[in-house]
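Breakdown of the fold
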Protein chains: 2
Amino acid sequence: MTDASSQDGRQALPELTAPDYVVLGMVRLGARSGYEIKQRVERSIRFFWTISQVQIYPSLGRLEQAGLITGADDPQGRRPRRAYAITGTGEAALRQWLHQAEPIPFELRDTGLVRLFFADALPPGEARELLTVIKQRSQDKLAALRAIESSADAARDKGDIYPLLTLQMGIGFHQAIIDVCQDFERKLREPYRV
Amino acid sequence: MTDASSQDGRQALPELTAPDYVVLGMVRLGARSGYEIKQRVERSIRFFWTISQVQIYPSLGRLEQAGLITGADDPQGRRPRRAYAITGTGEAALRQWLHQAEPIPFELRDTGLVRLFFADALPPGEARELLTVIKQRSQDKLAALRAIESSADAARDKGDIYPLLTLQMGIGFHQAIIDVCQDFERKLREPYRV
DNA sequence: TTCTCCATGTAAGTAGTTACATGATTGG
DNA sequence: CCAATCATGTAACTACTTACATGGAGAA
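Computed from a predicted model, the values in this text were never measured in an experiment.

Conventions adopted
- Residues numbered from 1 in each chain as written.
- Chains lettered and ligands numbered in written order.
- Predicted model: local features only at pLDDT ≥ 70, side-chain atom pairs only at ≥ 80, totals over all residues.
- Heavy atoms only, no water.
- Least-squares fit on C-alpha atoms with pLDDT ≥ 70 in both.
- Contact = heavy atoms within 4.5 Å.
- Helix = DSSP H or I, 4+ residues; strand = E, 2+ residues; numbered from the N terminus.
- Expected span 1.5 Å × (residues − 1).
- Buried < 20%, exposed > 50% of the residue type's maximum accessible area, 1.4 Å probe, protein only.
- Buried area = accessible area lost by both parts, 1.4 Å probe.
- Salt bridge = Lys/Arg side-chain N within 4 Å of Asp/Glu carboxyl O.
- Polar contact = N/O pair within 3.5 Å; in protein donor to acceptor, adjacent residues only side chain to side chain.
- Nonpolar A, V, L, I, M, F, W, Y, C, P; charged D, E, K, R; others polar.
- Near = heavy atom within 4 Å.

**Digging into the relation of the copies chain A and chain B**
- When chain A is fitted onto chain B, the two copies agree to an RMSD of 0.1 Å after a turn of 180° and an axial shift of 0.0 Å. The transformation just described matches what one would write down for a two-fold rotation axis. Minimal C-alpha separation from the rotation axis in chain A is found for A:Phe173, amounting to 2.3 Å.
- Comparing contact sets, 100% of the residues at the interface of chain A also lie at the interface in chain B, consistent with an isologous, same-surface contact.

**Brief notes about helix H6 (residues 124–147) of chain A**
- In this model, H6(A) (24 residues) spans 35 Å end to end at C-alpha, consistent with the 34 Å of a helix rising 1.5 Å per residue.
- Burial in H6(A) covers these residues: A:Ala127, A:Leu130, A:Leu131, A:Ile134, A:Lys135, A:Arg137, A:Ser138, A:Lys141, A:Leu142 and A:Leu145.
- The inward-facing, buried residues of H6(A) contact helix H5 (111–117), helix H7 (149–157) and helix H8 (162–189) of chain A together with helix H4 (88–99) and helix H8 (162–189) of chain B.

**Some details on the interface of chain A and chain B**
- Taken residue by residue, the interface counts 71 residues in chain A and 71 residues in chain B.
- With both sides pooled, the region where chain A packs onto chain B buries about 7300 Å², and carbon together with sulfur makes up 71% of that total.
- One can count two salt bridges joining chain A with chain B.
- When the shortest N-O distance is used, the salt bridge between A:Glu107 and B:Arg46 registers 3.6 Å.
- Taken together, the connections running from chain A to chain B amount to 17 residue pairs in polar contact (both at pLDDT 80 or more).
- Elements that contribute at least two residues to the side of chain A that touches chain B include exactly helix H1 (18–28), helix H4 (88–99), H5, H6 and H8 of chain A.
- Looking at which element gives the most residues to the side of chain A that touches chain B, the answer is H8(A), with 15 residues.
- Looking at side-chain class alone, the side of chain A that touches chain B contains 43 nonpolar, twelve polar and 16 charged residues.

**Notes on the protein's contact with DNA strand D**
- What surrounds DNA strand D is a group of 22 residues, the closest being A:Tyr35, A:Gln53, A:Arg79, B:Arg78 and B:Arg79.
- Among the atoms of DNA strand D lying within 4 Å of the protein, the sugar-phosphate backbone contributes 66%.
- A:Gln39 is positioned such that a nitrogen or oxygen atom in its side chain is 3.2 Å from a phosphate oxygen of DNA strand D.
- A distance of 3.2 Å separates a phosphate oxygen of DNA strand D from a polar side-chain atom of A:Arg81.
- Put simply, the parts of the chain that give the surface near DNA strand D at least two residues each are helix H2 (34–43) and helix H3 (53–65) of chain A together with helix H3 (53–65) of chain B.

**Concerning the protein's contact with DNA strand C**
- Neighbouring DNA strand C are 22 residues; A:Arg78, A:Arg79, B:Tyr35, B:Gln53 and B:Arg79 lie closest to it.
- The share of sugar and phosphate among atoms of DNA strand C within 4 Å of the protein is 65%.
- With respect to DNA strand C, the backbone of B:Gly34 contributes an N or O atom lying 3.1 Å from a phosphate oxygen.
- B:Tyr57 places a side-chain nitrogen or oxygen 3.0 Å from a phosphate oxygen of DNA strand C.
- Residue assignment for the surface near DNA strand C shows that the elements contributing at least two residues are H3 of chain A together with helix H2 (34–43) and H3 of chain B.
- Grouping the amino acids of the surface near DNA strand C by side-chain chemistry returns six nonpolar, ten polar and six charged.

Take a look at the structure:
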């Protein structure tokens with residue numbers, strides 16, 4: 001879909017991957033170094049995306065080569081650091097990625113829910129323990145999400161409203177899991193039903 | 001954590017992975033062939049797990065070698081088929097996997113939400129289109145989940161209650177996403193706020 | 001006969017991870 | 001001076017995917 005023809009003197013884009021666009025988007029939002037990108041990911045999109053430190057630096061290299069960001073050495077004292085900023089081309093490439101219409105798959109991959117699904121293989125007491133663990137996990141996630149609400153609010157005040165939206169989705173859906181767990185626990189306690 | 005000491009004459013288990021346990025669990029629930037396992041995964045845990053056809057057969061091989069399932073040739077006419085059943089050892093191994101206490105990470109990985117997070121880079125109209133796409137996607141998932149409610153009900157009637165629970169979680173959390181989207185769309189239509 | 005479903009397989013590739021390694025700066 | 005944080009990198013691995021391939025069975 002991305003036409004990689006070389007209209008200018010730069011390298012043709014080598015089919016950027018989703019993690020590349022995450023890095024690009026974070027640079028756009030003001031993350032300057034690879035280290036800072038990692039931090040921002042942890043503080044914002046962590047509940048629906050992760051990126052390992054290892055893949056950030058090669059990604060920055062590709063983006064710079066493609067002219068989507070510019071990098072400049074910017075040491076802090078004697079500690080080396082490379083500071084990046086997005087270019088006009090980069091802004092356009094990001095918009096193009098965001099805008100493309102192709103269907104967006106939703107693929108969750110969670111061993112916790114898998115284990116819960118198979119919980120009938122356990123004695124009832126142990127199955128309920130597992131249920132508690134799953135509920136607790138979402139409660140923890142919920143707390144973590146509430147803790148970053150302030151940064152999403154700050155982003156909104158700067159004109160970026162969508163980080164707050166995705167945060168609210170995270171809150172909403174972990175709350176939904178907790179609700180289902182509690183509802184189920186109640187039903188288990190009073191088994192007057194069929 | 002899994003102690004792979006060989007107490008009997010069989011192969012020591014070569015550290016089974018999560019997909020292996022998914023296959024094992026599906027055999028326990030009555031899936032006989034690799035083909036049927038794939039089908040069952042699609043009809044039950046699909047919203048929080050996928051497995052590709054390719055990885056099922058090697059997995060069945062490992063499980064059989066480890067003595068967790070037994071396989072027998074069971075052709076349908078001249079079409080070959082291998083039918084599997086779980087063993088006592090397999091039941092125990094599954095229970096052990098389900099029961100272990102170690103923290104269960106929750107790692108979602110969804111480009112859709114990532115794109116929504118960065119949507120402020122788009123002109124407002126296009127950002128709202130993206131929001132609509134995300135909402136629609138959850139509505140579709142919701143419909144798909146409601147369509148498999150009958151099999152979860154059937155499982156419950158056979159004594160397996162947890163498939164219904166995880167299904168309700170899927171329903172709950174896609175509903176939560178839809179709710180947040182609609183709430184946000186309302187706010188965008190009437191921007192009387194700060 | 002043709003289409004859909006049943007049933008299994010191989011080969012090649014990429015995306016991503018964990019583990020390890022290094023060293024400077026800042027704050028207590 | 002010690003711990004936490006800042007900042008980047010390398011090497012080895014494993015999990016998983018896509019694409020391709022084959023062919024029988026049953027229904028229209």
